[in-house]
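Commentary on secondary and tertiary structure
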Amino acid sequence: MKQKINTVYGLISAYQSKHPHGHYFDEDTLRFFGERISEMRVLKGTATIMDCMGEEHTCYVLSSLQRKHPMGPRRKYTYFDVETLDNVICD
């Protein structure tokens, strides 16, 4: 059953339910990249993307600002599969 996620806190809750040992939203992980939950946004709707293995996924898109990127602060888009909430790697 697909769930409709519109907020960052909704995404975090759903992610932690499906991945209780996942570390994507851990305080230490966010600190390492210089990210803040308060600055994250879930973009409206979903996106259909191709992962690095050539498989197509329908995903929620999380927008965040990485303040500690080696080349200076930059906007990062992270994709979470709507069914599994796995982090989809497409780069």
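Residues numbered from 1 in each chain as written. Predicted model: local features only at pLDDT ≥ 70, side-chain atom pairs only at ≥ 80, totals over all residues. Heavy atoms only, no water.

Per the secondary structure count, the protein includes two helices and five strands. Taken from N to C terminus, the helices and strands of the protein fall in the order α-α-β-β-β-β-β. Expected size for 91 residues packed as a compact globule is a radius of gyration near 12 Å; at 13 Å, the protein falls within 12% of this value. Seen along its three principal axes, the alpha-carbon backbone of the protein occupies a region of about 35 × 25 × 25 Å. Counting every position in the protein, which comprises 91 residues, the buried fraction comes to 34%. (Helix = DSSP H or I, 4+ residues; strand = E, 2+ residues; numbered from the N terminus. Rg over C-alpha atoms; globule rule 2.2 N^0.38 Å. Buried < 20%, exposed > 50% of the residue type's maximum accessible area, 1.4 Å probe, protein only.)

Core analysis: the biggest nonpolar cluster contains 16 residues, and Leu11, Phe25, Leu62, Phe80 and Leu85 have the highest contact counts within it. Elements with a contribution of two residues or more to this core: helix H1 (8-18) and strand S3 (56-66). In terms of residue count, H1 provides more of this core than any other element does, five residues in total. Apart from the residues lying within four places of it in its own chain, the contact partners of phenylalanine 25 are Leu11, Ile12, Tyr15, Leu30, Met40, Leu62 and Phe80. Ile49, Cys59, Val61 and Tyr79 belong to the second largest nonpolar core, which has five residues in total. (Core = buried A, V, L, I, M, F, W, Y, C linked by side-chain atoms within 4.5 Å. Contact = heavy atoms within 4.5 Å.)

With that settled, consider unusual backbone geometry. With the exception of glycine, the majority of residues adopt a negative phi angle, and the majority of peptide bonds are in the trans configuration. For leucine 85, which is not glycine, the phi dihedral falls at a positive 60°. Here leucine 85 shows up in the loop between strand S4 (74-81) and strand S5 (87-88).

This next bit is on H1. If you check which residues of H1 are buried, you get Val8, Leu11, Ile12, Ala14 and Tyr15. Among the structural elements, strand S1 (41-42), S3 and S4 are those in contact with the buried residues of H1.

Our focus in this paragraph is the pattern of salt bridges. Note that side chains of opposite charge can pair when their charged atoms are close. A full pass over the atoms with the stated rule returns four salt bridges. Here aspartate 28 and arginine 31 are joined by a salt bridge, their closest N and O atoms 3.0 Å apart. Of this pair, aspartate 28 and arginine 31 both sit in helix H2 (residues 27-33), three residues apart, roughly one helical turn. With a closest N to O distance of 3.3 Å, glutamate 39 and arginine 36 form a salt bridge. The exposure class of glutamate 39 is partly exposed, given its relative accessible area of 22%. Through salt bridges with shared partners, a single ionic network connects Glu27, Asp28 and Arg31. (Salt bridge = Lys/Arg side-chain N within 4 Å of Asp/Glu carboxyl O.)

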